[in-house]
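Single-letter residue listing:
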Amino acid sequence: MESANQNIALVLGATGGIGGEVARQLRDAGWQVRALKRGLAQEQELRDGLVWLRGDAMNPADVLNAAQGCCVIVHAVNPPGYLRWAELVLPMLDNTVAAAIAQRATIVLPGTVYNYGPDAFPLLAETSPQQPVTRKGAIRVELERRLETASRQGARVIVVRAGDFFGPQVGNSWFAQGLVKPGRSVSAVSLPGDRGVGHQWSYLPDVARTMVALLDRRAALPPFAAFHMAGHWDADGTQMAAAIRRVVQRRSGKQPKVRAFPWWLVRLAAPFVPTLRELLEMRYLWRQPVAMDNTRLKAVLGQEPHTPLDEAVQATLEGLACLPGPTAQVLPPAGAARA
């Protein structure tokens, strides 16, 4: 017999891209969704079908109280701008773990490729060795080690690892901050990768759909279950830019230029701007192909949720206010998900 709290989820990081998308999709799937947010005027408010609670993911009591009666905790919270990882990432995770063990809840974590070093490239499976070459990668490995320990102490864990996020409500991403400029029409697309180097992209609504589908099957999964998404593979590093150009040309009649991302400028400014220093540390992910094997995911779900690239790019550009007003030529709605 299932417990009465089976359809209540707490989302940490619901004001961000992945947290917000998962919260909305859980809500639309019939879940009761709570979201923790600092600075609310009231202790609690109902907005957009979500119950917002005043609290801080760094405060153990706030997380524990918010998780009361929940069977799922989505841990989608990260320090902004790559900053203060060593100081904040693991304490926030420990608060989630303590709450999940207390409630015997399932933790859902959006994973990263930071966990892996060049010895595991170019195709990452869930069993690939995690030997990172960066400070952030080492922190992420420790984070998942703590989650695996928690899975032996009464909590359950689902890790979904995907490529670089893009989507209508993803402002903090390479797509939104590197390839184009939010709020501006697209006159040029910047390419961060080295010539001919493939890159993995993941459309955020597809990632959230995957998480919700896995939660529906959580009882049949191992206590610690990790899955990789194939997403959209850009085989030579130019296909995402080509899709942006196609969508912009269909909407405006103009085709944007393509140019190299100004890494030289990032390197010059990095000594003075901490966020750029952190960005520079991760450049290795643009200098060699890194793809993911979704065999395990397809074995569980049958297929991976997959929105066609041009449709996903159009929705993203519209969400970032990068396209002119309505036009008669609109991309068709998403069909059935494809692997």
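Refer to the structure printed above.
What counts and what doesn't
Residues numbered from 1 in each chain as written. Predicted model: local features only at pLDDT ≥ 70, side-chain atom pairs only at ≥ 80, totals over all residues. Heavy atoms only, no water. Helix = DSSP H or I, 4+ residues; strand = E, 2+ residues; numbered from the N terminus. Buried < 20%, exposed > 50% of the residue type's maximum accessible area, 1.4 Å probe, protein only. Axes fitted to C-alpha atoms, helices over the stretch in contact; angles between N-to-C directions. Parallel < 35°, antiparallel > 145°, perpendicular 65-115°, else oblique. Left-handed = near helix turned anticlockwise from the far one by under 90°. Contact = heavy atoms within 4.5 Å. Nonpolar A, V, L, I, M, F, W, Y, C, P; charged D, E, K, R; others polar. Polar contact = N/O pair within 3.5 Å; in protein donor to acceptor, adjacent residues only side chain to side chain. Pairing = 2+ DSSP bridges. Core = buried A, V, L, I, M, F, W, Y, C linked by side-chain atoms within 4.5 Å. Salt bridge = Lys/Arg side-chain N within 4 Å of Asp/Glu carboxyl O.

Trainee: Quick question: what am I supposed to make of unusual backbone geometry here?
Mentor: Between F121 and the following residue, P122, the backbone shows a cis peptide bond with an omega angle of 10°. Note that P122 resides in the loop between β6 (106-111) and β7 (123-124). In this model, D48 sits at a positive phi of 55°, which is unusual for a non-glycine residue. Structurally, D48 can be placed in the loop between β3 (44-47) and β4 (50-54). A residue is classified by how much of its surface remains accessible, and D48, at 58% relative accessible area, is exposed. A positive phi angle, close to 55°, is found at A321, a residue other than glycine.

Trainee: For this particular structure, what's the right way to read the packing of helix α1 (residues 17-28) against helix α6 (residues 204-216)?
Mentor: When two helices pack together, you describe them by how their axes are tilted relative to each other and by the distance separating the axes. Contact geometry of α1 with α6 gives a least axis separation of 9 Å together with a crossing angle of 50°. Between α1 and α6, the interaxial angle falls into the category oblique. α1 and α6 meet at a crossing whose hand is right-handed. Of the residues in α6, those in contact with G17, I18, E21, V22, Q25 and L26 of α1 are L204, P205, V207, A208, R209, M211, V212 and L215. For the contact of α1 with α6, the residue count by class is ten nonpolar, two polar and two charged.

Trainee: Just checking my understanding: could you explain the side chain of D206 for this structure?
Mentor: Structurally, D206 can be placed in helix α6. Beyond its immediate sequence surroundings of up to four residues, D206 is in contact with M229, P305, H306 and T307.

Trainee: Can you help me understand the side chain of S151 in this one?
Mentor: With respect to the element layout, S151 can be found in the loop between α4 (135-150) and β8 (156-161). You can call S151 buried: its relative accessible area is 12%. Within the structure, the side chain of S151 is placed 2.5 Å from the backbone oxygen of E148, a separation counted as a polar contact. Dropping the residues within four chain positions of it, S151 is found in contact with V157, P223 and F224.

Trainee: Mind showing me how you'd approach the sheet that holds strand β2 (residues 32-37) here?
Mentor: Sheets are built from strands that pair by backbone hydrogen bonding, the pairs being arranged parallel or antiparallel. The eight strands lie next to each other as β3-β4-β2-β1-β5-β6-β8-β12, forming an open sheet whose pairing is mixed. Each edge of the sheet is formed by a strand with only one pairing partner; in this case those strands are β3 and β12 (224-228). Going from strand to strand, the sheet's axes swing by 20° on average, the running direction of each strand aside. Summarising the sheet, β2 and β4 pair through four bridges and their orientation is parallel. What sits directly across from K37, in β4, is R54. Contacts from α4 reach β6, β8 and β12 within the one sheet, and its direction differs from that of β6 by about 160°.

Trainee: Looking at this structure, how should I read the nonpolar core?
Mentor: Most often, soluble globular proteins keep nonpolar side chains buried together rather than apart. Membership of the largest hydrophobic core comes to 43 residues, with the highest contact counts inside it found for I73, L124, L147 and L285. At the level of secondary structure, the elements contributing two or more residues to this core comprise β1 (8-12), α2 (60-66), α3 (85-103), β6, α4 and β8. With nine residues, α3 is the largest single contributor of residues to this core. Once you skip the residues sitting within four places of it in the chain, L285 turns out to touch V113, Y114, F121, H199 and V290.

Trainee: Sorry, what's going on with the pattern of salt bridges here?
Mentor: Oppositely charged side chains can form a pair if their charged atoms are brought close together. A full pass over the atoms with the stated rule returns 18 salt bridges. Residues E281 and K136 are paired through a salt bridge, measuring 2.7 Å at the closest nitrogen-oxygen approach. You can see E281 sitting in helix α9 (residues 274-281) and its partner K136 sitting in helix α4, a full 145 residues away along the chain. The class of K136 is buried, set by a relative accessible area of 1%. A salt bridge links E318 to R251; the nearest nitrogen and oxygen atoms lie 2.6 Å apart. Residue E318 is located in helix α11 (residues 309-319), and its partner R251 is located in helix α7 (residues 239-252); the two are separated by 67 residues in the primary sequence. Judged by relative accessible area, which is 39%, E318 ranks as partly exposed. Each member of the salt-bridge network shares a partner with another, and the members are D94, E142, R145 and R146.

Remember, this is a structural readout, not a statement about activity or role.
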